[in-house]
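Each chain, written out:
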Amino acid sequence: QVVVEEFGGKQVQPGESLTLSCVVSGTPRDFSIFTMCWFRQSPGMQRELVAEITSSGTIKYAESLQGRYTVSRENAKSTVYLKMNNLIPEDADVYYCKRGSPGTVYWGHGAHVFVSS
């Protein structure tokens, strides 16, 4: 059974940095072949793409977040990271990790990030 689990969500102050991690377990296939994505969602809003990193290392960011967010992956640990710098209150959301193509898509249950002083 494939499990996608996010770690690192917490409350931070404006201007601080935070790194989320996402670990994929239970897959018989090599983690490195999958596109991994981070999404975020506010209450009552649609889930929106934050960042995506493909198996070849091609990276895409939401235009509004480019420059403050950095996505990376560590295939040996089946882990993808999202580093968020200079956080603002509008970054407070639930952040979801998705194991994308190829094959079945799996989502984590989300990591809560709170930004307030």
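Computed from a predicted model, the values in this text were never measured in an experiment. (Residues numbered from 1 in each chain as written. Predicted model: local features only at pLDDT ≥ 70, side-chain atom pairs only at ≥ 80, totals over all residues. Heavy atoms only, no water.)

Moving on, we come to the state of the cysteines. Two cysteines, two sulfur atoms, one covalent bond between them: this is a disulfide. The full count for this structure, using the stated rule, is one disulfide. Here C22 is linked by a disulfide to C97, with a sulfur-sulfur distance of 2.0 Å. The sign of the S-S torsion, about -80°, decides the handedness of the disulfide formed by C22 and C97: left-handed. Of the two residues, C22 is situated in strand 3 (residues 18-25) and C97 in strand 9 (residues 93-99); the sequence distance between them amounts to 75 residues. Of the two residues, C22 and C97, neither departs from the other in class, the shared state being buried. The thiol sulfur of C37 is not disulfide-bonded, and the nearest other cysteine sulfur, from C97, lies at 8.1 Å. (Disulfide = S-S within 2.5 Å. Helix = DSSP H or I, 4+ residues; strand = E, 2+ residues; numbered from the N terminus. Buried < 20%, exposed > 50% of the residue type's maximum accessible area, 1.4 Å probe, protein only.)

For the rest of this paragraph, the subject is the pairing of strand 1 (residues 3-7). Here strand 1 shows a clear split, with V4 and E6 buried on one side and none of V3, E5 and F7 buried on the other. Bridge analysis of strand 1 against strand 3 gives five bridges, and the strand direction is antiparallel. By the bridge assignment, V3 is partnered in strand 3 with S25. (Pairing = 2+ DSSP bridges.)

With burial as the criterion, only one face of strand 7 (residues 69-74) is covered, namely that bearing Y69, V71 and R73; the residues T70, S72 and E74 on the opposite face remain uncovered. With six bridges joining them, strand 7 and strand 8 (residues 79-84) adopt antiparallel strand pairing. Residue V71 lies in a different strand from strand 8, and its bridge partner there is L82.

Counting 28 residues, the largest nonpolar core has L20, M36, W38, Y69, L82, M84 and Y95 as the members making the most contacts within it. Elements supplying a minimum of two residues to this core: strand 3, strand 4 (36-41), strand 5 (48-53), strand 7, strand 8, strand 9 and strand 11 (111-115). With four residues, strand 3 is the largest single contributor of residues to this core. (Core = buried A, V, L, I, M, F, W, Y, C linked by side-chain atoms within 4.5 Å.)

By themselves, these are just geometric observations and shouldn't be taken as functional.
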